[in-house]
Structures are given as C-alpha cells and as structure tokens.
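Each chain is listed here by its residues.
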Amino acid sequence: MDLRQLAYFVAVAEEQNFTRAAERVHISQSGVSAQIRQLERELGAELFDRTSRTVTLTVAGKAALEHARATLAAAGTIGRAVAEVSELIRGRLTVGMVIGCTVTPLFDALAAFHDVHPGVELSLLEDGSDRLVDGVRSGDIDLALIGAAHATPDGLDALTIVDERLVVAVPAGHPLATRRRVELSDLMAHPIVCMPPGTGLRTVFDRACAAQGLHPTIALQASAADSIAALADRGLGVAVLSESMAASYRDRLTARTIDDVDTPALLALVWKRAHNPALRELLEHARRAFARP
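Residues numbered from 1 in each chain as written. Predicted model: local features only at pLDDT ≥ 70, side-chain atom pairs only at ≥ 80, totals over all residues. Heavy atoms only, no water.

> When you look at the environment of V133 in this model, what are you seeing that I'm missing?
With respect to the helices, strands and loops of the structure, V133 is situated in helix 6 (residues 129-138). Look at V133 and you get buried, because its relative accessible area is 9%. Between the alpha carbons of V133 and V270 there is a distance of 7.6 Å; along the sequence they are 137 residues apart. (Helix = DSSP H or I, 4+ residues; strand = E, 2+ residues; numbered from the N terminus. Buried < 20%, exposed > 50% of the residue type's maximum accessible area, 1.4 Å probe, protein only.)

Printed below as a string of structure tokens:
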C-alpha cells in the first residue's frame, strides 16, 4: 500500500461517495475505485459496503480508518520537517555588526553555521547600532550585533554578550594616568576621543554627561577602537572606551574606570522573533561561540 491509496480511502470514507471523493482528490472516479480495490486486495478484506447508494465502511474499514488518518498525519509531519531543512539549505541570512567592533566569536559562529549549512547565503554588513536596530525591526536584517545602553531594544529579543564599565585611557605622563580614581568631571578639562553617535558606548557616555550637566569637548571621533587608541597614544585626546577594549592597549595606554558612570556599555545580539529555521540555527551557533571561555 502507499500514501496515495490511504488518502483515497479516507476521502471515500469521509464523503461516503466515490464521485465526491474523486472530486476532492482531483482524479477520476474509476481511478479512485481502482486504487481502493488494490488496497483491499493487499489487506485481504473489503473496506466498504457497496450494496447501497451510500458507501459505508465495513467492520474492517472502520478498524483501518483511524490508522490511515494517523499515517497520513505522520507523513505530513515528516513533510514539514523536511521543508524546514530545505528552507535552511536554500535560505538567506543578513547579519549586521556595529561599525568598528571586531568580535571573534561572531565570526566563529558564522563559520560554524556555514560549515553545517553551506547552502545558506550569508550577508554581513556594518552600520551604527541605531540603524542596525531599525533594520532588524523592518526585517531587512535578521540578526545584529549592536552596542547598547540598555539590555533589549523594544520589540526585539536580545542576548547580551558584553556588559562593561566605561574607562578613560591615556598615555604615560598624562595627568589622569597618575590618579587612582577618575570621575566624569575630571575628563572635562581634556579633549576627548570616542566612538561616534549611534554607538552604544557613545550613548552611555553622552547620557552620563547630560545627567551631570557636563559638556565634554569631543575632539575626534572614530568607529574603531584601534583608531581611538592610536589617537590617544599620540596625545590628541583622552580615549573613552570599554574595559575590554582598553585592555588591548595596556602596553601603551593606562586605563582608569570612570567611577561615577555606573551604566554599563553593552554588546548584544538582537533579532525579531519569527518562524525562521535558519535564524534559529545561527542563534544556537552564536550562543555556543560566545559561551566559550
């Protein structure tokens, strides 16, 4: 027997008429009758009583009906599972990353995902965090790594990757390098080098200054931590960075936590919940990659 025969059997049982069943499954009445006869021969029993105008199930037919329905339902479940896998194979994902942020685990996650699902077309773009969030909300971007001043943008799911305090980084010999404690007001006497507006780190810094009524002199802006560190190292301003960013330059810059800025700078993966098997798979790879020491 095959699924087609079971589908015809269920159609006749439910319609109680071969003609209506044939119309329902879109083949001729003779075709339905022939397939039902073939099924009955394979089972060794008649499934329908054909002696009256209304087709009714025999005892054997009643016994077979629920099993036939269950078999067809199981086949449908298999079909949906295969469809999801097919969608992964043929899919496309657009991943956003905040400008100037080199986060190796994200690249590891993309590489691992590509190894398992090479048929998925991956697209990576860089932009400011605000625009990346707008892209995720609009559906133009599937997953984005953003800098943020709070955990979860409205209407999106998020996974926090980094949660760090702001620091000021200066070269040896700078007045702030000799201080044990640095507060936000101490920075106001110096030109500042920092990330541009729209990044999470800059948002935290601007909000902290506004809360204290401070007006910093933003001398230079750069999207990459390397550039900010290089400018500070050359005496063009004090660098405002996150703790892990500044740690990369400890050989040439001294970092001090800004004591009175309690709000951390965050890096987070954000996405919009949707039925997208490819995105679910990529998120699992990202969780594993970021969970490694």
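> Looking at this structure, how should I read the packing of aromatic side chains?
The geometry of an aromatic ring pair is captured by the separation of the ring centres together with the interplanar angle, meaning the angle of the planes. Under the criterion given, the structure shown has two aromatic pairs. Taking 6.0 Å as the distance between ring centres and 70° as the angle between the ring planes, the aromatic pair formed by F18 and F48 counts as edge-to-face. Here the residue F18 occupies a position in helix 2 (residues 18-25), and F48 occupies one in strand 1 (residues 48-49), the gap between them amounting to 30 residues. Just as F18 is buried, F48 falls in that class too. Grouping aromatic residues by their ring pairs yields a cluster made of F9, F18 and F48. (Phe/Tyr/Trp six-rings, centres within 6.5 Å; stacked < 30°, edge-to-face > 60°.)

> Honestly, the sheet that holds strand 5 (residues 143-148) in this entry has me stumped. Any pointers?
What links the strands of a sheet is backbone hydrogen bonding, and the strands pair in either a parallel or an antiparallel sense. Strand order in the open sheet formed by five strands is 4-3-5-12-6, and the pairing between neighbours is mixed. Single-partner strands in this sheet number two, and they are strand 4 (121-127) and strand 6 (157-164). On average, each strand axis in the sheet is inclined to that of its neighbour by 20°, with strand direction left out of account. Relative to strand 12 (residues 265-271), strand 6 runs antiparallel, the two sharing seven bridges. Bridge pairing in strand 12 places E164 opposite A265. The sheet strands contacting helix 6 are strand 3 (92-98), strand 4, strand 5 and strand 12, and the helix crosses strand 5 at an angle near 145°. Contacting strand 3, strand 5, strand 6 and strand 12, helix 10 (residues 277-291) runs over the sheet at an angle of about 155° to strand 12. (Pairing = 2+ DSSP bridges. Axes fitted to C-alpha atoms, helices over the stretch in contact; angles between N-to-C directions. Contact = heavy atoms within 4.5 Å.)

> I'm lost on helix 10 in this one. Help?
Between its first and last C-alpha, helix 10 extends 21 Å over 15 residues, near the 21 Å set by a 1.5 Å rise per residue. Where helix 10 begins, one side-chain oxygen reaches toward the backbone nitrogen of A278, 3.1 Å away; that side chain belongs to N276. (Expected span 1.5 Å × (residues − 1). Polar contact = N/O pair within 3.5 Å; in protein donor to acceptor, adjacent residues only side chain to side chain.)

> Looking at this structure, how should I read the side chain of R202?
In this structure, R202 sits in helix 7 (residues 200-211). Contact partners of R202, with chain neighbours within four places excluded, come to C194, M195, P196, P197, I218 and Q221.

> How should I be thinking about the pairing of strand 3 in this particular structure?
Looking down a regular strand, the side chains alternate between one sheet face and the other. The buried fraction of strand 3 is high, at six of seven residues. Bridge count for strand 3 against strand 4 is seven bridges, and the pairing is parallel. Of the residues in strand 4, the one forming a bridge with T94 is S123.

> Any chance you could explain the environment of S227 here in plain terms?
Tracing the chain through its elements places S227 in helix 8 (residues 225-233). Spatially, the C-alpha atom of S227 lies 71 Å from that of A11, the residues being 216 residues apart in sequence.

> Can you walk me through unusual backbone geometry in this structure?
The phi angle of most residues is negative, glycine excepted, and most peptide bonds adopt the trans form. Despite not being glycine, Q16 shows a phi value in the positive range, around 55°. Inspection of the secondary structure puts Q16 in the loop between helix 1 (3-15) and helix 2. Within the chain, H26 stands out as a residue other than glycine whose phi angle is a positive 65°. Of note, H26 is situated in the loop between helix 2 and helix 3 (29-43).

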